[in-house]
Amino acid sequence: MTRFAYVNGRYLPQNEALIHIEDRGFQFADAIYEVWSVRSGDLLDADGHFGRLERSLAELRITNPKSRVGYRLVIAELLRRNRVRDGLVYLQISRGRARRDHAFPAADTRPTVVMTAKRLDPAAADRRADHGVAVITRPDERWARCDIKTVNLLPNVLAKQAALEAGAAEAWLVDGAGKVTEGSSTNAWILNADGVLVTRQADHAILHGITRSTIMNRAAALGYRVEERSFSVEEAQSAREAFMTSATTFVTSITSIDGRPVGNGAPGSVAIALRAAYLESL
Ligand code: PLP
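Anyway, here's the lowdown on the structure attached to this text. Only a predicted model underlies this, so the values are computations on that prediction, with no experimental measurement involved.

## Details of the site of the ligand
Okay, so step 1: Of all residues adjacent to the ligand, which total 18 residues, the nearest are R52, E182, I210, T211 and A247.
Okay, so step 2: Within the side chain of E182, a nitrogen or oxygen atom sits 2.6 Å from a nitrogen atom of the ligand.
Okay, so step 3: Contacts to the ligand include I210, whose backbone N or O atom sits 2.8 Å from an oxygen atom.
Okay, so step 4: Starting from 390 Å² of accessible surface for the ligand in isolation, the protein chains cover 92%.
Okay, so step 5: Of all the secondary-structure elements, those providing two or more residues to the shell around the ligand are helix 2 (46-60), strand 9 (180-183), helix 6 (210-221) and strand 13 (241-246).
Okay, so step 6: Looking at side-chain class alone, the shell around the ligand contains four nonpolar, eleven polar and three charged residues.

## Side note on the pairing of strand 9
For a regular strand, side-chain orientation follows a simple rule: the groups alternate between the two sheet faces.
Okay, so step 1: In this structure, strand 8 (residues 170-174) lies alongside strand 9, joined through two bridges in antiparallel fashion. Among the inter-strand pairings, W172 is bridged to a residue of strand 9, identified as G183.
Okay, so step 2: The turn linking strand 8 back onto strand 9 is made up of five residues, and G178 within it adopts a positive phi angle of 80°.

## Comments concerning the packing of helix 6 against helix 8 (residues 269-281)
Okay, so step 1: It is at 10 Å that the axes of helix 6 and helix 8 come closest, and there the two elements cross at 105°. Judged by the inter-axis angle, helix 6 sits roughly perpendicular to helix 8. Residues T211, T214, I215, R218 and A219 of helix 6 lie in contact with helix 8, whose contacting residues are L274, A277, Y278 and S281.

How each quantity is defined
Residues numbered from 1 in each chain as written. Predicted model: local features only at pLDDT ≥ 70, side-chain atom pairs only at ≥ 80, totals over all residues. Heavy atoms only, no water. Near = heavy atom within 4 Å. Polar contact = N/O pair within 3.5 Å; in protein donor to acceptor, adjacent residues only side chain to side chain. Areas by Shrake-Rupley, 256 points an atom, 1.4 Å probe, with all protein chains shown as cover. Helix = DSSP H or I, 4+ residues; strand = E, 2+ residues; numbered from the N terminus. Nonpolar A, V, L, I, M, F, W, Y, C, P; charged D, E, K, R; others polar. Pairing = 2+ DSSP bridges. Axes fitted to C-alpha atoms, helices over the stretch in contact; angles between N-to-C directions. Parallel < 35°, antiparallel > 145°, perpendicular 65-115°, else oblique. Contact = heavy atoms within 4.5 Å.

Spelled out as structure tokens, the structure:
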């Protein structure tokens, strides 16, 4: 089946969809992106992701080329053309195409908008969550504004590759003080010995995950205490449970960290309950 992409107003077969070699996203990573999960044809946490998209653009002073209604129309058409009921929508917006120069181009430079959609098997994701995953830790070598969702992801790519080569599914990034910031593409959580859910405060060191904030609300509604603070690798290794959140993994248990089992080494009941509550609420 031909996959279709949206590029600057046109729907094109994906292998014919092109952007210019002097696009600033390509040359400088001067671009932001957003990802929505799609279940049964609906976007999950749609407004949260639109809100973060608008914030990322504003932080980089890239003019937002479309309204939410405009994005939604394109997304609906892409889902239809790609026959996606369950999967992901990817949106990337760069500062546009201009002769290469670090400084911003002329104010009338048109941002480049690219969107793609792909199918995913929800049962496969559920099976993975049923088993839980291993993580390794890596030094956090990223820049100081990880709260902006830019395509500048090279340290994340290298960390994820290191995880896969070590037989793990994710890398938890560790700052200079020995505290976990987040995963290479997920937020990090533990359930500590006192039964308190802990996830790092939403500062500039982490992406403010949309799933993270929905889970914080769900957890509070279910009666769990949630603390937003940093935690060390040792605290995580001796926690009752650990898990990660993101639009693609929802809530997925972490069963070992650097080869040390978390809890009894099996997915914990709180993570399982939060995943169920997340999917039910949407
Ligand atoms: N942290 C990083 C570095 C990410 O790349 C992502 C998702 O792509 C997340 C956290 C989770 O964010 P969200 O829940 O909005 O998908």
